[in-house]
Amino acid sequence: MTRALELAEKGRFTAQPNPVVGCVLAVGGAMVGEGFHVRSGENHAEINALAVAGSKAMGSTAYVTLEPCNHHGRTPPCSEALIAAGVSRVVYAMEDPNPQVSGSGIATLVAAGVQVDFFDTQGKAETLNPGFNKRMQTGQPWVRVKLASSLDGGTALANGDSRWITGEAAREDVHRWRARSGAIVTGIGTVLVDDPKLTVRLDEPTATPLRVVLDSHGKMPLGCQLLQQPGPIMQCTGPVATGLGISRVVVEQLPVTEAGLDLSALLKRLVKQEVNEVWVEAGCRLATSFLQAGLVDELIVYVAPVLLGEGAQPLLRMTGLTDMSQRTELELVDVCRFGGDVRLTYRPQQNRTHLH
């Protein structure tokens with residue numbers, strides 16, 4: 001199962017919107033086949049493992065990180081393929097989180113005489129697919145907000161200059177987070193000031209995330225860097241604003257709240273497009289809006305060993321707090337170093353969404 005978990009990670013940047021899944025076939029303790037799910041529409045992990053094992057799959061045990069599927073979607077059911085190959089035992093680490101199909105793959109295998117056992121990975125299988133799990137169970141994506149600051153809490157100089165606070169290794173890590181996300185969200189302020197590309201630049205195959213710009217009044221310029229890069233783009237405007245009106249940009253009109261465009265409505269639109277994980281890379285106002293709306297599952301904060309001094313732009317704008325009881329409490333769940341930079345991963349305690 002440890003190897004199956006490792007294999008699942010190989011599909012991290014390409015399998016979306018499907019979950020990452022790994023599978024190992026073993027006979028008498030010896031592995032005879034292994035596979036992982038590469039991308040949507042292609043063979044699932046079990047099918048790839050069976051292809052490697054060939055006739056050796058007969059009488060084998062399949063170790064799989066997620067319950068074998070039991071429905072005809074883009075590919076045939078894996079449960080039927082395992083039965084047809086003569087697999088005698090299936091060990092799975094997690095049931096399918098889709099309540100409409102959860103347990104049906106197991107039931108089909110048991111009905112065919114296959115021994116089925118659950119293997120507790122102490123949450124490792126669940127953490128493989130937080131976005132897919134949450135979307136299946138709640139109809140909401142997993143939302144991460146990225147922040148980068150100096151040691152004294154500044155995200156940019158008073159004049160707006162923010163390139164670069166962190167080092168190259170930390171910036172490459174950001175590209176890996178982008179690559180695993182179904183959508184990258186930013187605000188029009190960031191587009192106008194920083195003119196980012198928001199693309200994934202890694203030396204390995206990746207899917208192309210949807211880039212989303214929250215643009216209440218339709219100010220997105222035709223010459224911005226976002227429009228010069230390949231890949232899908234969504235421009236979200238208010239009910240009365242006009243979008244760009246060019247074919248490669250999907251325009252979505254969102255309701256407006258006191259805080260701006262309705263972020264809950266945005267997430268619902270993204271779920272309809274099977275987005276599992278959302279990466280918010282924006283200025284302090286939009287980041288704060290996501291946090292105050294209770295929509296953030298994780299804060300990814302990069303802290304650089306630099307000081308930006310008085311007048312630097314803040315990490316967040318949490319206005320209106322008059323009592324310590326109003327503070328937002330966070331749970332630190334991970335710490336990672338990239339040279340002199342430190343990545344801190346937090347989860348808001350008032351919105352702790354379980355992974356399974």
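You'll find the structure just up there.
What comes next concerns the included structure.

Calculation rules
Residues numbered from 1 in each chain as written. Predicted model: local features only at pLDDT ≥ 70, side-chain atom pairs only at ≥ 80, totals over all residues. Heavy atoms only, no water. Helix = DSSP H or I, 4+ residues; strand = E, 2+ residues; numbered from the N terminus. Rg over C-alpha atoms; globule rule 2.2 N^0.38 Å. Buried < 20%, exposed > 50% of the residue type's maximum accessible area, 1.4 Å probe, protein only. Contact = heavy atoms within 4.5 Å. Areas by Shrake-Rupley, 256 points an atom, 1.4 Å probe, with all protein chains shown as cover. Lys, Arg positive; Asp, Glu negative; His and termini not counted. Charge placed at Lys NZ, Arg CZ, Asp CG, Glu CD. Phe/Tyr/Trp six-rings, centres within 6.5 Å; stacked < 30°, edge-to-face > 60°. 1 Å grid on protein atoms, 1.4 Å probe; cavity = no way out; pocket = protein on both sides within 12 Å on 5 of 7 lines; lining within 4 Å. Points joined across faces, edges and corners; volume = space filled by probe spheres on them. Nonpolar A, V, L, I, M, F, W, Y, C, P; charged D, E, K, R; others polar. Core = buried A, V, L, I, M, F, W, Y, C linked by side-chain atoms within 4.5 Å. Polar contact = N/O pair within 3.5 Å; in protein donor to acceptor, adjacent residues only side chain to side chain. Axes fitted to C-alpha atoms, helices over the stretch in contact; angles between N-to-C directions. Parallel < 35°, antiparallel > 145°, perpendicular 65-115°, else oblique. Salt bridge = Lys/Arg side-chain N within 4 Å of Asp/Glu carboxyl O.

Each helix and strand counted, the protein has 10 helices and 18 strands in total. A compact globule built from 356 residues would reach a C-alpha radius of gyration of about 21 Å, and the protein, at 22 Å, matches this within 12%. Each principal axis of the C-alpha atoms in the protein carries an extent, and together these give about 70 × 45 × 40 Å. Within the protein, buried positions represent 49% of all 356 residues. Relative to all contacts within the protein whose residues are 6 or more apart in sequence, the contacts with residues 24 or more apart total 67%. Counting only carbon and sulfur atoms, one obtains 51% of the accessible surface of the protein, whose full area is about 16,700 Å². Within the protein, the 36 negative side-chain charges are centred at a point lying 3 Å from the centre of the 32 positive side-chain charges.

Per the stated rule, a full pass over the model turns up 2 aromatic pairs. Residues Trp 177 and Trp 279 carry aromatic rings whose centres are separated by 5.8 Å and whose planes lie at 5° to one another, so their mutual orientation is stacked. You can see Trp 177 sitting in helix 7 (residues 168–180) and its partner Trp 279 sitting in strand 14 (residues 277–280), a full 102 residues away along the chain. Trp 279 matches Trp 177 in its accessibility class, with the two residues each being buried.

Right, let's get into the layout of surface pockets. Roughly 500 Å³ of volume is contained in the second largest pocket. Taken together, 26 residues form the lining of the second largest pocket, with Asn 18, Pro 19, His 44, His 71 and Phe 132 sitting closest to its centre. Looking at the lining of the second largest pocket, the elements with two or more residues in it are helix 2 (45–53) and helix 6 (130–138). Classifying every residue of the lining of the second largest pocket by side-chain character gives 11 nonpolar, 8 polar and 7 charged.

Ranked by internal contacts, the top residues of the largest apolar core, which has 32 residues, are Cys 23, Leu 25, Ala 62, Leu 82, Val 87 and Val 90. Those elements that provide at least two residues to this core are helix 1 (2–9), strand 1 (22–27), helix 2, strand 3 (61–64), strand 4 (89–92) and helix 4 (104–111).

Moving on, we get to helix 9 (residues 263–272). If you check which residues of helix 9 are buried, you get Leu 263, Ala 265, Leu 266, Leu 267, Leu 270 and Val 271. For helix 9, the capping residue at the N-terminal end is Asp 262, with a side-chain oxygen 3.0 Å from the backbone nitrogen of Ser 264. Remark: Glu 274 follows helix 9 within two positions and exhibits a positive phi of approximately 65°.

Once that is clear, we can look at helix 6. Note: α-helices contain 3.6 residues per turn, so residues at a spacing of three or four share the same orientation. With 7 of 9 residues buried, helix 6 is to be regarded as a mostly interior element. By the burial criterion, the buried members of helix 6 are Pro 130, Gly 131, Phe 132, Asn 133, Lys 134, Arg 135 and Met 136. On its buried face, helix 6 sits against helix 5 (124–127), strand 6 (142–150), helix 7, helix 9 and strand 14.

Okay, the packing of helix 9 against helix 10 (residues 284–292) next. Running from N to C, helix 9 and helix 10 cross one another at 85°; their axes reach a closest spacing of 10 Å. One finds that helix 9 runs roughly perpendicular with respect to helix 10. Together, Leu 263, Leu 266 and Leu 267 of helix 9 and Leu 286, Ser 289 and Phe 290 of helix 10 make up the contact between the two elements. In terms of residue class, the contact of helix 9 with helix 10 is built from 5 nonpolar, 1 polar and no charged.

Glancing now at the pattern of salt bridges. Oppositely charged side chains are able to pair whenever their charged atoms sit close together. Within the structure shown, the criterion is met by 17 salt bridges. Glu 6 is paired through a salt bridge with Arg 3; the nearest N and O atoms lie 3.3 Å apart. Remark: Arg 3 and Glu 6 occur in helix 1; sequence separation between them is 3 residues, near one turn of the helix. With relative accessibility at 43%, the residue Glu 6 sits in the partly exposed group. One salt bridge connects Arg 347 with Glu 298, and the closest N-O pair in it is separated by 3.0 Å. With Arg 347 in strand 18 (residues 341–348) and Glu 298 in strand 15 (residues 298–304), this residue pair connects regions lying 49 residues apart in the sequence. For Arg 347, a relative accessible area of 22% puts it in the partly exposed group. In this structure, a network of salt bridges that share partners links the residues Arg 144, Arg 180, Glu 277, Glu 298 and Arg 347.

What follows deals with the side chain of His 175. Along the chain, His 175 falls in helix 7. Those residues in contact with His 175, other than ones at most four positions away along the chain, are Thr 199, Val 200, Arg 201 and Leu 202.

With that out of the way, let us pick up the environment of Ala 84. The topology assignment puts Ala 84 in helix 3 (residues 78–84). For the pair Ala 84 and Asp 262, spaced 178 residues apart in the sequence, the C-alpha separation amounts to 49 Å.

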